[in-house]
There are 2 protein chains.
Amino acid sequence: MALSIADVKDAHGRIKPYIHCTPILHSSQLNTLLDCELLFKADNMQKVGAFKARGACNAVFSMEQDSLHRGVVTHSSGNHGAALAWAAAMRNTPCTVVMPNNAPQAKKDAVISYGATVVYCEPTMTAREGTVASLMQQSGASLVHPYDDDRIIAGQGTAALETLSQIEQPIDILMVPVGGGGLLGGSALVVKQSSGGNSTQVIGAEPEMANDAWQGYKSGVRVAKFVPNTIADGLRGTLGVRNFEIITEHVDDIFLTSEARIVEAMKLIWTRLKVVVEPSAAVPLAAIMDQPELFKGKRIAIILSGGNLDLDALPW
Amino acid sequence: MALSIADVKDAHGRIKPYIHCTPILHSSQLNTLLDCELLFKADNMQKVGAFKARGACNAVFSMEQDSLHRGVVTHSSGNHGAALAWAAAMRNTPCTVVMPNNAPQAKKDAVISYGATVVYCEPTMTAREGTVASLMQQSGASLVHPYDDDRIIAGQGTAALETLSQIEQPIDILMVPVGGGGLLGGSALVVKQSSGGNSTQVIGAEPEMANDAWQGYKSGVRVAKFVPNTIADGLRGTLGVRNFEIITEHVDDIFLTSEARIVEAMKLIWTRLKVVVEPSAAVPLAAIMDQPELFKGKRIAIILSGGNLDLDALPW
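Calculation criteria
Residues numbered from 1 in each chain as written. Chains lettered and ligands numbered in written order. Predicted model: local features only at pLDDT ≥ 70, side-chain atom pairs only at ≥ 80, totals over all residues. Heavy atoms only, no water. Helix = DSSP H or I, 4+ residues; strand = E, 2+ residues; numbered from the N terminus. Buried < 20%, exposed > 50% of the residue type's maximum accessible area, 1.4 Å probe, protein only. Contact = heavy atoms within 4.5 Å. Areas by Shrake-Rupley, 256 points an atom, 1.4 Å probe, with all protein chains shown as cover. Lys, Arg positive; Asp, Glu negative; His and termini not counted. Charge placed at Lys NZ, Arg CZ, Asp CG, Glu CD. Domains from an automatic or database assignment. Buried area = accessible area lost by both parts, 1.4 Å probe. Salt bridge = Lys/Arg side-chain N within 4 Å of Asp/Glu carboxyl O. Polar contact = N/O pair within 3.5 Å; in protein donor to acceptor, adjacent residues only side chain to side chain. Pairing = 2+ DSSP bridges. Axes fitted to C-alpha atoms, helices over the stretch in contact; angles between N-to-C directions. Expected span 1.5 Å × (residues − 1). Nonpolar A, V, L, I, M, F, W, Y, C, P; charged D, E, K, R; others polar. Phe/Tyr/Trp six-rings, centres within 6.5 Å; stacked < 30°, edge-to-face > 60°.

Chemist: Can you help me understand the overall build of chain A in this one?
Modeler: Per the secondary structure count, chain A includes 15 helices and 10 strands. Principal-axis analysis of the C-alpha atoms gives chain A an extent of 55 × 40 × 40 Å. Across the 316 residues that make up chain A, the buried fraction comes to 62%. In chain A, 73% of the contacts between residues at least 6 apart in sequence involve partners at least 24 apart. Accessible surface, chain A: about 11600 Å² in total, of which carbon and sulfur atoms supply 50%. Of the side-chain charges in chain A, 26 are positive and 31 negative, and the distance between the mean point of each set is 3 Å.

Below, the structure written as structure tokens:
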């Protein structure tokens, strides 16, 4: 049966005791600057510093005890790996994370700090998936895919579910970054299947340098092989099969933005909202800054996806 | 009549429509690391990025219309200046801010962006006060002192008032940075005059390189002339007369900490809480990190005083 908002609500009930209900932030100065009303869901302040805690927690707490014994495995550029390690530790299950060798040091350290085993590979989807497959064969561990998994999509959707319950008036647009499509897919399900959801647009924002979701969305054919090269390290995954289906059906548009604009938006968020966000989290604001005339006067919620990065290697 | 918690409550009623009720943040990892329970009142997310919005707003909204016409003047290493400029703009009153020439660029820019006039001086209290006195003589403007002013102390105390109302269980310690003593004085009044307040300690934290409050507190004689030299630019003021009285009466202790520890604590706050704080805001955590055995098992609230700094000149 197709995934729906009911699954997101189930996920929320399951994970609520373990995650933070993160605050909604805003800045009058930012609103004045961009001539719209921006509401930021601060999931950079989520457990493990990213919305990924939601999906990983839902997946691990959905598993039966005998699967848990054999452990879990995944591939991740960082935040999903840390999230799975964190969730697995709560259920005492062994966790192995395959990471691209170019992942930020802070993200490698986080995965290790939560007690998981890290295995490095080349930064391509083929290398990631091949390494995971051989690890599964060796250990019998279950895959918890970073995004192409119904439990993950439902879990990530809880960020949008919370956002809608936290804000008082309806929004015109919900804008989220898109990498593998877990957050965008889950968010789109929630918004479009909520009452009055058709009056809210769901828009993905993606770096030009990792535009596989945009290509697939515009052409109708999912891009399966793609080598991204963007500072937004959380968005280097390639859109998943389930994610592509949901996004094609429910998402209103995907916008692209440049590397320079992502850094500019990131610095603006740090300066105005006083929160630490990683480059991926700044992609929606960057897309708005590219074409402010399209967003003029709108009430827009943005999910700040994460806040994990090397403070010793900032892009300015 | 001596300032009391009633004045802080009046101030809160006056300024509430204009300020944010900032969130309380915590990090399980930080609690584990330091073996205590830390609750951070995020006033770095306050209007103008610092608790100083509270006092300045209270002062300006306490003024009569005919004083407002002649304008307001102050001296400030930054945040109070921005706060007064912001509050003055809401009441259409002219504002002049005397700033030490070594104030961070971000703070100078902020004051100007809120529409105030900036006059630079040497970074000593004598230079600051002399420049303000001559400006007052020229224009007839009223002084809104950054801390040695009952309206300011009452306004700053609203951060502690909110904190106590936001947290569910009593705390063992409230810890705040001390520069001129507005925040520490106001916080001490609130805690000690609340029901059950005697079971909560109020502790100030100050840089070793700006230890005038500590010297005065320990010796019983206020240090009137002092040239501080600390990265914590918000704490470069010298403890005020009214502030000294309140602190001597109500504060339980003042702890000192080093410059290196302040930077370490600041980075830890950015990394774990995902918020941008300026060095001054990290001083209480730095003092705890110096002597964790003193704080073991305690429930401690810390006011994160501000988040304004040059992102292009970080101390690491």
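That shown, we press on.
Chemist: Would you explain unusual backbone geometry in this entry?
Modeler: At Val-48 of chain A, a position not held by glycine, the phi torsion is positive, near 55°. Among the secondary structure elements, Val-48 of chain A is positioned in the loop between β2 (37-42) and α3 (52-62). Phi is positive for Asn-92 of chain B, close to 55°, though the residue is something other than glycine. Tracing the backbone shows Asn-92 of chain B in the loop between α5 (79-90) and β4 (95-100). Judged by relative accessible area, Asn-92 of chain B falls into the exposed class, the value being 73%.

Chemist: Even after reading the chapter, I still don't get the domain arrangement of chain A, so can you show me in this structure?
Modeler: All names here are of chain A. Domain annotation of chain A identifies domain 1 (5-50 + 149-310) and domain 2 (53-143). Summarising the inter-unit geometry, the C-alpha centres of domain 1 and domain 2 are found 23 Å apart. Listed per partner, the contact involves 32 residues of domain 1 and 26 residues of domain 2. Here domain 1 meets domain 2 over a buried area of about 2400 Å², counting both sides, of which 56% is carbon and sulfur. Contact with domain 2 buries area across many residues of domain 1, yet Tyr-18, Val-48 and Arg-151 alone supply 28% of it, more than any other trio. Linking domain 1 to domain 2 there are four salt bridges. The partner of Asp-43 in a salt bridge is Arg-54, with the nearest N and O atoms 2.6 Å apart. Counting every contact that joins domain 1 to domain 2 gives 14 residue pairs in polar contact (both at pLDDT 80 or more). Taken together, the elements giving at least two residues each to the side of domain 1 that touches domain 2 come down to α1 (5-15), α8 (150-156) and α9 (158-166). When residues of the side of domain 1 that touches domain 2 are assigned to their parent elements, the largest contribution, five residues, is made by α8.

Chemist: When you look at the sheet that holds strand β5 (residues 117-121) of chain B in this model, what are you seeing that I'm missing?
Modeler: Two orientations exist for strands paired in a sheet by backbone hydrogen bonds: parallel and antiparallel. Residues and elements named next belong to chain B. The four strands lie next to each other as β5-β4-β3-β6, forming an open sheet whose pairing is parallel. Strand pairing shows two members of the sheet lacking a second neighbour, β5 and β6 (142-143), which therefore form its edges. Relative to β6, strand β3 (residues 72-75) runs parallel, the two being bridged by two bridges. Within β6, the position partnered with Val-73 by the bridge is Leu-143. Contacts from α5 reach β3 and β4 within the one sheet, and its direction differs from that of β3 by about 170°. Lying on the sheet, helix α7 (residues 125-139) is in contact with β3, β4, β5 and β6; it crosses β3 at an angle near 170°.

Chemist: Explain helix α5 (residues 79-90) of chain A here, please?
Modeler: Each α-helix winds once per 3.6 residues, and so residues spaced three or four apart point in a common direction. Residues and elements named next belong to chain A. The first and last C-alpha atoms of α5 sit 17 Å apart over 12 residues, in line with the 16 Å expected at 1.5 Å per residue. The element α5 is extensively covered by neighbouring structure, given that 10 of its 12 residues are classed as buried. Every buried residue belonging to α5 is among Asn-79, His-80, Gly-81, Ala-82, Ala-83, Leu-84, Ala-85, Trp-86, Ala-87 and Ala-88, and all of these are buried. Looking at the buried positions of α5, the neighbouring elements they touch are α3, β3 (72-75), β4 (95-100), α6 (105-113) and α8.

Chemist: So what exactly am I meant to see when it comes to the interface of chain B and chain A here?
Modeler: When the parts of a complex come together, some accessible area is lost, and that lost area is often taken as the interface size. Taken together, the 24 residues of chain B in the interface contact 24 residues of chain A. Both sides of the chain B and chain A interface together cover about 1800 Å² of buried area, and 56% of this is carbon and sulfur. Among the residues chain B hides against chain A, the three largest losses belong to Met-45, Lys-274 and Leu-311 of chain B. Together they make up 33% of the total. Taken together, the links from chain B to chain A amount to two salt bridges. Note that Asp-312 of chain B is salt-bridged to Lys-267 of chain A, the shortest N-O span being 2.8 Å. The interface formed by chain B and chain A contains 12 residue pairs in polar contact (both at pLDDT 80 or more). Among the secondary structure elements, those contributing two or more residues to the side of chain B that touches chain A are α2 (28-34) and α13 (259-273) of chain B. The dominant element in the side of chain B that touches chain A, judged by the number of residues it contributes, is α13 of chain B, at four residues. Here the side of chain B that touches chain A is composed, by residue class, of 10 nonpolar, 10 polar and four charged.

Chemist: Would you explain α13 of chain B in this entry?
Modeler: For α13 of chain B, built from 15 residues, the straight-helix expectation of 21 Å at 1.5 Å per residue is met to within 8% by its first-to-last C-alpha distance of 21 Å. Backbone geometry just downstream of α13 of chain B places Lys-274 of chain B in the positive-phi region, at approximately 60°.

Chemist: Help me understand the side chain of His-12 of chain A in this model?
Modeler: Residue and element names in this part refer to chain A. You can see His-12 is positioned in helix α1. A residue is classified by how much of its surface remains accessible, and His-12, at 14% relative accessible area, is buried. Ignoring any residue separated from it by four or fewer positions in sequence, one finds His-12 in contact with Thr-158, Leu-161 and Glu-162.

Chemist: Please explain the packing of aromatic side chains as it appears in this structure.
Modeler: For any two aromatic rings, the description comes down to two numbers: the centre-to-centre distance and the angle of the planes. In the structure shown here, the tally under the stated rule is seven aromatic pairs over all chains. With 5.6 Å between their ring centres and 75° between their planes, Trp-270 of chain A and Trp-270 of chain B make a pair best called edge-to-face. With one member in each of two chains, Trp-270 of chain A in helix α13 (residues 259-273) and Trp-270 of chain B in helix α13 form a pair that bridges those chains. You'll find Trp-270 of chain A and Trp-270 of chain B in the same group, each marked buried. Joined through ring pairs, the aromatic side chains of Trp-270 and Trp-316 of chain A together with Trp-270 and Trp-316 of chain B make up one cluster.

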